Amino acid sequence: MDLRTVLVVGTGLIGTSTALALRKRGVRVLLADRDEGAVRLARELGAGEEWRPGTPQAEGVDLAVIAVPPAAVATELHELQRIGAARFYTDVASVKGEPIHRARQLGCDLASYVASHPLAGREKSGPGAAREDLFLGRPWALCPTEEADPEAKAAVLRLIELCGANAVEVSAIDHDRAVAVVSHAPHVAASAVAARLADATDVALGLAGQGIRDVTRIAGSDPGLWLGILSGNAGPVAEVLEAVANDLADAASALRALAEGDGTATDEITQLLKRGVAGHDRIPGKHGGPASAYAVVQVVIGDRPGQLARLFQVCDEVGVNVEDVRLEHAPGLPLGIAELSVEPGAAATLTEALHERGWQVP
Ligand SMILES: NC(=O)c1ccc[n+]([C@@H]2O[C@H](COP(=O)([O-])OP(=O)(O)OC[C@H]3O[C@@H](n4cnc5c(N)ncnc54)[C@H](O)[C@@H]3O)[C@@H](O)[C@H]2O)c1
Ligand SMILES: O=C(O)C(=O)C[C@]1(C(=O)O)C=C[C@@H](O)C=C1
């Protein structure tokens, strides 16, 4: 099904990112938000034109994308359907069971509505944080109910395709249980780790490396939005967190025993660390493919302009694709380490080429 005109309601991070991706593919996009500033900024960023309901401009909308906090989805859907804003409707909320349940309670038309959720985001909110490439290669769940019209599902599949994401059809209940494991409980765990930093000494913070940044990045997200997400999926998230809390409690007891001289306690710690490696290795690679263990080539770089560009130039010269890059700054030193993730077979070529050109590869 072709999408010629899409209405985006809620022009924050996800709504504006969706709008930008659609604009890039030539779709006409109309923008609405209860915050006028958010619509204005989205428009200035090139995400589309402001929606003027009741005028000829607002006619012929194929799909409305509701990108507001989870608790506001059903009321927004109800209101949009009441005025006949679009032919089909979807939302992008991070929980699916609760909004569908409330939509049913409010008497929304479930034939023209297919709930969805892109598994891509950032720890920042608002249109200013939007990226047109946010969804590229990412999973995007869709949860059609049994009432859903196949054409509504086709419209949402087309939206997902236009945004460059990979559609994953799943029931709302399975979706909510799944994201409790891969998104919602990890978020709370990251917050708990980051909360330790509130009282950390300046010495400790001065020693912060990439590890703590990796583990806590998502803890910087909007607490209001996340309270809504966690409240909408409370049972499944509590279940996962109870299991995590058990592992942490066992690890703490084992370390306490070790500190008191019981050498056998290392077994318990080793088991947890090994289970962690096994779990980590199961995370699929880019574009949803099988887990891919990239080789990491570390390079010492000076804190001077143009260093990274020179480094990428070498990769280009030897035809090595950089899958990911990470920078680690040494506090107080004019040096840092660039970690380049490459296919395992390409690591030796790149290392040799860097050595030959005088780069320090530890
Ligand atoms: N942040 C993420 O990483 C992420 C990822 C995937 C999905 N989501 C989901 O996307 C939705 C939007 O999240 P976001 O990160 O873009 O948040 P955001 O705070 O950046 O944007 C939300 C926007 O919705 C507007 N809004 C709030 N209530 C409204 C209402 N009743 N009517 C119209 N506009 C309203 C706000 O003014 C704001 O501009 C949420 O349901 C969230 O669960 C978020
Ligand atoms: O990467 C981030 O910053 C996210 O917030 C992404 C993330 C996730 O957990 O993967 C968070 C919540 C959304 O519902 C979807 C994606």
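Cut-offs and rules
- Residues numbered from 1 in each chain as written.
- Chains lettered and ligands numbered in written order.
- Predicted model: local features only at pLDDT ≥ 70, side-chain atom pairs only at ≥ 80, totals over all residues.
- Heavy atoms only, no water.
- pLDDT = per-residue confidence, 0-100.
- Pairing = 2+ DSSP bridges.
- Helix = DSSP H or I, 4+ residues; strand = E, 2+ residues; numbered from the N terminus.
- Contact = heavy atoms within 4.5 Å.
- Axes fitted to C-alpha atoms, helices over the stretch in contact; angles between N-to-C directions.
- Near = heavy atom within 4 Å.
- Polar contact = N/O pair within 3.5 Å; in protein donor to acceptor, adjacent residues only side chain to side chain.
- Nonpolar A, V, L, I, M, F, W, Y, C, P; charged D, E, K, R; others polar.
- Domains from an automatic or database assignment.
- Buried < 20%, exposed > 50% of the residue type's maximum accessible area, 1.4 Å probe, protein only.
- Arc of directions from axis to C-beta.
- Phe/Tyr/Trp six-rings, centres within 6.5 Å; stacked < 30°, edge-to-face > 60°.
- Areas by Shrake-Rupley, 256 points an atom, 1.4 Å probe, with all protein chains shown as cover.
- Left-handed = near helix turned anticlockwise from the far one by under 90°.
- Core = buried A, V, L, I, M, F, W, Y, C linked by side-chain atoms within 4.5 Å.

What is the right way to read the confidence of the model for the protein chain from this model?
Any region with low pLDDT has predicted coordinates that should not be read closely. Per-residue pLDDT for the protein chain averages 93, and the proportion of residues at 70 or more is 96%. What the predictor reports for the complex is a pTM of 0.86 with an ipTM of 0.97.

Even after reading the chapter, I still don't get the sheet that holds strand S3 (residues 49–50), so can you show me in this structure?
In spatial order, the strands read S3-S2-S1-S4-S5; together these five strands make up an open sheet with parallel pairing. On the outer flanks of this sheet lie S3 and strand S5 (88–91), each paired with one strand and no other. Alignment of strand S4 (residues 63–66) against S5, held across four bridges, turns out to be parallel. Residue pairing across strands places Val65 opposite Thr90, the latter belonging to S5. Contacting strand S1 (5–9) and strand S2 (28–32), helix H1 (residues 13–24) runs over the sheet at an angle of about 165° to S2. Helix-sheet contacts for helix H5 (residues 150–162) involve S4 and S5, and the interaxial angle to S5 is about 55°.

Can you help me understand the site of ligand 2 in this one?
All residues in the neighbourhood of ligand 2 are listed as Ser94, His117, Pro118, Leu119, Ala120, Gly121, Arg122, Glu123, Ser183, Arg217, Ile218 and Trp226. Between ligand 2 and Ser94, the relevant distance is 2.7 Å, taken from an oxygen atom to a side-chain nitrogen or oxygen of the residue. Looking at the shell around ligand 2 residue by residue, the class counts come to five nonpolar, four polar and three charged. No fewer than three residues from each of domain 1 (5–170) and domain 2 (176–286) sit in the shell around ligand 2.

Help me understand helix H12 (residues 307–317), please; the structure alone is not making it clear to me.
Along an α-helix, residues three or four apart share an orientation, since each turn contains 3.6 residues. Where H12 is concerned, the buried positions are Gln307, Leu311, Val314 and Cys315. The buried residues of H12 all sit within an arc of 100° when viewed along its axis, so they share a single face. Those residues of H12 that are exposed and aimed more than 90 degrees away from the buried face are Ala309 and Asp316. Close packing links the buried residues of H12 with strand S9 (295–302), strand S11 (335–342) and helix H13 (347–356). Gly319 sits one or two positions beyond H12 and adopts a positive phi of about 70°.

Even after reading the chapter, I still don't get the packing of aromatic side chains, so can you show me in this structure?
We describe a pair of aromatic rings using the distance from one ring centre to the other and the angle between the two ring planes. Enumeration over the complete set of coordinates arrives at one aromatic pair. For the pair Phe135 and Trp140, a centre-to-centre distance of 5.0 Å together with 50° between the ring planes defines the contact as tilted. Side by side, Phe135 and Trp140 carry an identical accessibility label, which is buried.

Teacher, can you tell me more about the site of ligand 1 here?
Inspection of the region around ligand 1 gives 26 residues, with Ile14, Asp33, Val68, Ser94 and Gly126 positioned closest. Contacts to ligand 1 include Val68, whose backbone N or O atom sits 2.7 Å from an oxygen atom. With respect to ligand 1, the backbone of Gly126 contributes an N or O atom lying 2.7 Å from an oxygen atom. Isolated, ligand 1 exposes 820 Å² of accessible area, and the fraction of that covered by the protein chains is 87%. Partitioned by chemical class, the residues of the shell around ligand 1 number 14 nonpolar, seven polar and five charged.

Just to check I follow, could you spell out the packing of helix H10 (residues 234–259) against helix H11 (residues 266–281) for this structure?
Packed helices, taken two at a time, are described by the angle their axes make and the gap between the axes. In the contact formed by H10 and H11, the axes pass within 8 Å of each other and the chain directions differ by 145°. Helix-helix and strand crossings are classified by hand; for H10 and H11 the assignment is left-handed. In this structure, H10 uses Asp247, Asp250, Ala251, Ala254, Leu255 and Leu258 to contact H11, whose residues at the interface are Thr266, Glu268, Ile269, Leu272 and Arg275. Class assignment for the residues of the contact of H10 with H11 results in six nonpolar, one polar and four charged.

So what exactly am I meant to see when it comes to the nonpolar core here?
Generally speaking, nonpolar side chains in soluble globular proteins are found buried as a group. Among the nonpolar cores identified, the biggest contains 37 residues, and Val6, Leu22, Leu31, Leu63, Phe135, Trp140 and Leu159 are the most heavily contacted of them. When contributions to this core are tallied by element, the ones reaching two or more residues are S1, H1, S2, helix H2 (36–44), S4, strand S7 (139–143) and H5. Core analysis: the second largest hydrophobic core is formed by 26 residues, Ala58, Ala64, Ile66 and Ala93 among them.

Would you mind showing me how to read the sheet that holds strand S6 (residues 115–118) here?
What links the strands of a sheet is backbone hydrogen bonding, and the strands pair in either a parallel or an antiparallel sense. Taken together, the three strands give an open sheet; going across it, the order is S6-S7-S8, and neighbouring strands pair in mixed fashion. Two strands in the sheet have a free side with no partner beyond their single neighbour: S6 and strand S8 (166–169). Geometrically, the sheet is characterised by an average inter-axis angle of 25° between neighbouring strands, direction not taken into account. In this structure, S6 lies alongside S7, joined through four bridges in antiparallel fashion.

Teacher, can you tell me more about the environment of Ala115 here?
Summarising the element assignment, Ala115 is placed in strand S6. Taking the relative accessible area as the measure of exposure, Ala115 reaches 1% and is therefore buried. Taking the C-alpha atoms as reference, Ala115 lies 7.1 Å from Val92; in sequence the two are 23 residues apart. Excluding residues that lie within four positions of it along the chain, Ala115 makes contacts with Thr90, Asp91, Lys96, Ile100, Ala141, Leu142 and Cys143.

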